[in-house]
Amino acid sequence: MGSPFSSRSSATVTNEGAAALRVLPVDGGKDGKSGLAPSRPRTLLDENDRAAVNLPGSSWHPSAGVAFASDRAGRDEVWVLPPGAKQPVRVTEHRGDTGYLEPSFSPDGSWIVFQETAEKGNDRESEDDPSALGSLWKVRRDGSRPMRLLDGPGTRTDNRQPNWSPKGDRLVFQRRAADSDTWALYVMNADGTGIHRITDVPGEHTDPSWSPDGRSVVFSSTAGGLDTPQIFVVPADGGRPVRVTRNDKGYDGAPSWSPDGRWIAFESHQGDEEHPTGLWRIPAPDARH
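Conventions we followed
- Per-chain numbering applies: the sequence of each chain, read as written, is numbered from 1 onward.
- Local features in a predicted model are, by the rule used here, given only for residues with pLDDT of at least 70; side-chain atom pairs are given and counted only at 80 or more, and totals for whole chains, interfaces and linings are based on all residues.
- With hydrogens and water set aside, each side-chain value is computed from the structure's full complement of heavy atoms.
- Every helix listed is a DSSP run of H or I at least four residues long, and every strand listed is a run of E at least two residues long, numbered separately from the N terminus.
- Think of it in three bands: with a 1.4 Å probe and only protein chains considered, a residue is buried below 20% of the maximum accessible area for its type, exposed above 50%, and partly exposed in between.
- Methods summary: accessible areas were calculated by the Shrake-Rupley approach with a probe of 1.4 Å, and residue burial reflects only the protein chains presented.
- For two strands to be treated as a pair, DSSP must find no fewer than two bridges joining them.
- To obtain each axis, a line is fitted to C-alpha atoms, and for helices this fit is confined to the stretch in contact; angles are then taken between N-to-C directions over 0 to 180 degrees.
- Take the buried Ala, Val, Leu, Ile, Met, Phe, Trp, Tyr and Cys residues and link them wherever side-chain atoms come within 4.5 Å; each set so joined is a nonpolar core.
- Note on contacts: a residue pair is in contact if any heavy atoms of the two residues lie within 4.5 Å.
- Here, a salt bridge means any Lys or Arg side-chain nitrogen found within 4 Å of an Asp or Glu carboxyl oxygen.
- Pairs of N or O atoms within 3.5 Å make up the polar contacts considered here, provided that, within protein, one atom can donate a hydrogen while the other can accept it, and that residues adjacent in sequence are counted only when both atoms are side-chain atoms.
- Note on aromatic pairs: the rings of Phe, Tyr and Trp (six-membered ring only in Trp) are paired at centre separations within 6.5 Å, and the planes decide the class, stacked below 30 degrees, edge-to-face beyond 60, tilted for the rest.
- The score called pLDDT rates the predictor's confidence residue by residue, from a low of 0 to a high of 100.

**Quick look at the overall build of the protein**
Then comes step 1: Looking only at helices and strands, one finds one helix and 24 strands in the protein.
Then comes step 2: In the protein, which comprises 289 residues, the proportion classed as buried is 54%.
Then comes step 3: Accessible surface computed for the protein: about 13300 Å², of which carbon and sulfur atoms make up 45%.

Okay, here's the thing in structure tokens:
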């Protein structure tokens, strides 16, 4: 489930079950950790048994629409649902048994960055198989000029969940070595050069996205020896992570910053089937004082 804010901070877009993308008004409480919208969500796309999955962060663009991955044409490809449209527009079309997933827009909406990994359920989807190691690509919104930025199998690294910086010059993503189960966060230039790690503390660090000023990254992490992930913020050039949520009863993850910098939206689950995953928001660290 993703929880990206719209560019106007008035709603979040979510995916539910196997197929749906929905918009949820942001009208929760004003202080503290606030549940999002007791009102009914508005459906953007619902195709029964088809999966439509979006990425926290910059998957929602004001003029380009919502970028998402879907198996509506057989294998996972990148699609865009333009503003006000009833049907999505296909961006990628490829052969083989990999899937194109987790797309996000450049700030001007002209480019989309995404990950390529082995299809779920595929016999090759194994940590021992190079095809399970994620590569990162970018492509024009019209499907032209595809360019591989990071070759996962070639570098023996698994690279996932890329998000474009607000200025469009950098990408943040999560990475692990082929022989490791530990995820860390990295930043690189938008052309695939200048890779550097921004999380050095022990723990699992995933789901990164940018603050609107590009100075910080919000992510989910088990830093500090946590049993389940919580929301943290770290400087975009690296440094000490700051814990944002303190949910001792369950998981907080998939965070996304509001465009005005005041809020962080995220998903939360209390750890049992009686409590389904919900969407929440909490004041961003710099907005609490």
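Now that the structure has been shown, the text picks up again.
**So, the sheet that holds strand β12 (residues 135–140)**
Then comes step 1: Strand order across the open sheet formed by four strands is β10-β11-β12-β13, with antiparallel pairing between neighbours. The two strands at the open ends of the sheet, each matched to only one other strand, are β10 (98–105) and β13 (147–150). Strand-to-strand twist of the sheet, defined as the mean angle between neighbouring strand axes without regard to direction, takes the value 30°.
Then comes step 2: In this sheet, β13 lies alongside β12 in antiparallel orientation, the contact comprising three bridges. What sits directly across from W137, in β13, is R148.

**Digging into the sheet that holds strand β18 (residues 205–210)**
Then comes step 1: What the four strands build is an open sheet, ordered β18-β19-β20-β21; its pairing is antiparallel. Pairing within the sheet leaves two strands with one partner each, and these edge strands are β18 and β21 (242–243).
Then comes step 2: In this structure, β18 lies alongside strand β19 (residues 216–221), joined through four bridges in antiparallel fashion. Bridge pairing in β19 places S209 opposite V218.

**Remarks on the nonpolar core**
Then comes step 1: Formed by W111, V113, L136, L149, L150, W164, L171, F173, A184, Y186, M188 and A190, the largest nonpolar core amounts to 12 residues.
Then comes step 2: When residues of this core are traced back to their parent elements, those giving at least two are β11 (111–118), β13, β15 (170–177) and β16 (184–189).
Then comes step 3: Looking at this core, the element that brings in the most residues is β16, giving three residues.
Then comes step 4: Aside from chain neighbours lying at most four places away, what touches A184 is F173, Q174, R175, R197, T199 and H205.

**Examining the side chain of S110**
Then comes step 1: Secondary-structure assignment places S110 in the loop between β10 and β11.
Then comes step 2: With residues up to four places along the chain from it excluded, the contact list for S110 reads V139, R140 and R141.

**Looking at the pattern of salt bridges**
Then comes step 1: Scanning the model with the defined rule gives seven salt bridges in all.
Then comes step 2: As a salt-bridge pair, R90 and E77 come within 3.3 Å of each other at their nearest N and O atoms. With R90 in strand β9 (residues 89–90) and E77 in strand β8 (residues 77–81), the pair connects residues that are 13 residues apart, well separated along the chain.
Then comes step 3: Among the ionic pairs, D158 bridges to R160, the shortest N-O distance being 2.8 Å.
Then comes step 4: Within this structure, D158, R160 and R176 form a network of salt bridges that share partners.

**Topic: the side chain of S104**
Then comes step 1: With respect to the secondary-structure elements, S104 resides in strand β10.
Then comes step 2: Under the relative-accessibility criterion, S104 is labelled buried at 0%.
Then comes step 3: From its side chain, S104 meets the backbone oxygen of P162 in a polar contact 3.2 Å long.

**Quick notes on the environment of D76**
Then comes step 1: For D76, the position within the fold is in the loop between β7 (65–70) and β8.
Then comes step 2: When the C-alpha positions of D76 and L101 are compared, they lie 6.7 Å apart, and in sequence the two are 25 residues distant.

**Looking at the packing of aromatic side chains**
Then comes step 1: This structure, assessed with the given rule, holds four aromatic pairs.
Then comes step 2: Measuring from ring centre to ring centre gives 4.7 Å for Y100 and F114, while their planes differ by 45°; the resulting arrangement is tilted. Remark: F114 occurs in strand β11 and Y100 occurs in strand β10; sequence separation between them is 14 residues. The pair Y100 / F114 is uniform in exposure class, with both members buried.

**Regarding the confidence of the model for the protein**
Then comes step 1: Summarising the model, the protein shows a mean pLDDT of 85, and 82% of its residues fall at 70 or more.
Then comes step 2: The low-confidence segment residues 28–32 (pLDDT under 50) makes 13 contacts with residues lying over four places distant or belonging to another chain.
Then comes step 3: The low-confidence segment residues 121–125, where pLDDT is below 50, has eight contacts with residues more than four positions distant or belonging to other chains.

**Describing the environment of T117**
Then comes step 1: You can see T117 is positioned in strand β11.
Then comes step 2: Looking at T117, the relative accessible area reads 2%, which means it is buried.
Then comes step 3: Along the primary structure T117 and D97 are separated by 20 residues, whereas in three dimensions their C-alpha atoms are 8.7 Å apart.

**Focus: unusual backbone geometry**
Then comes step 1: Here R145, not a glycine, exhibits a phi torsion of approximately 55°, which is positive.
Then comes step 2: What makes R145 exposed here is its relative accessible area of 54%.

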